[in-house]
Amino acid sequence: MRPDERHQPAPRQDVTYWCRNDHRVDIRIAADVEPPPLWDCPRCGLPAGRDAENPPGRVRAEPYKSHLAYVKERRTAEEGEALLAEALAALRRRRGE
Ligand SMILES: [Zn+2]
C-alpha cells in the first residue's frame, strides 16, 4: 500500500525558547522554516530566546528603579513617604474617592 502523500504530516521541528523568568516555551514549526530568534512567552509576555543561559532582557544588569527609588536616593525616607502619601492622595482624588 502506497502512503497517500496528501495526508503525510509535514515534517516538523521542535524549538525551545526561554524567557528571563525561566519559563520554557516549546513550539513546533515546519522543519523547513528558520525558527524566529525570539518568541513571546505565553505565560508572562516577555520575549523568549533560544539560549536558556542567556534569555533576552537579562543583559540589562541594571535593575529597574522605580520613581520612588530615585526619590529615596535624593531624600530621606520620611520625605519619600510624605511624597508617596501625597501621590496616593492625588490618585484617590482623581479616582473620585
Ligand atoms: Zn515567561
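Structure shown above.
Throughout what follows, the structure given in this document is the object of discussion. (Residues numbered from 1 in each chain as written. Predicted model: local features only at pLDDT ≥ 70, side-chain atom pairs only at ≥ 80, totals over all residues. Heavy atoms only, no water.)

Turning to the coordination of the zinc ion, a few remarks are in order. Summarising the metal site, the zinc ion is bound by the protein donors C19 (SG), H23 (ND1), C41 (SG) and C44 (SG), whose distances to it range over 2.1 to 2.3 Å. One chain supplies every donor to the zinc ion, and in sequence these donors are spaced C-x3-H-x17-C-x2-C. Accessibility classification places C19 together with H23 in one group, the buried group. (Donors = N, O, S within 2.8 Å, 3.2 Å for Na, K, Ca; no water. Buried < 20%, exposed > 50% of the residue type's maximum accessible area, 1.4 Å probe, protein only.)

By secondary structure assignment, the location of P35 is in the loop between β2 (24-30) and β3 (38-40). By relative accessible area, which is 13% here, P35 ends up buried. Between the C-alpha atom of P35 and that of R50, which follows or precedes it by 15 residues, the distance is 9.2 Å. Beyond its immediate chain neighbours, meaning those up to four positions away, P35 contacts Q13, V15, Y17, I29 and R50. (Helix = DSSP H or I, 4+ residues; strand = E, 2+ residues; numbered from the N terminus. Contact = heavy atoms within 4.5 Å.)

Looking now at the pairing of strand β1 (residues 12-18). Taken together, the seven bridges between β1 and β2 define a ladder with antiparallel strand orientation. Residue Q13 lies in a different strand from β2, and its bridge partner there is I29. Connecting β1 to the next strand, β2, in antiparallel fashion are five residues, including D22 with a positive phi near 65°. (Pairing = 2+ DSSP bridges.)

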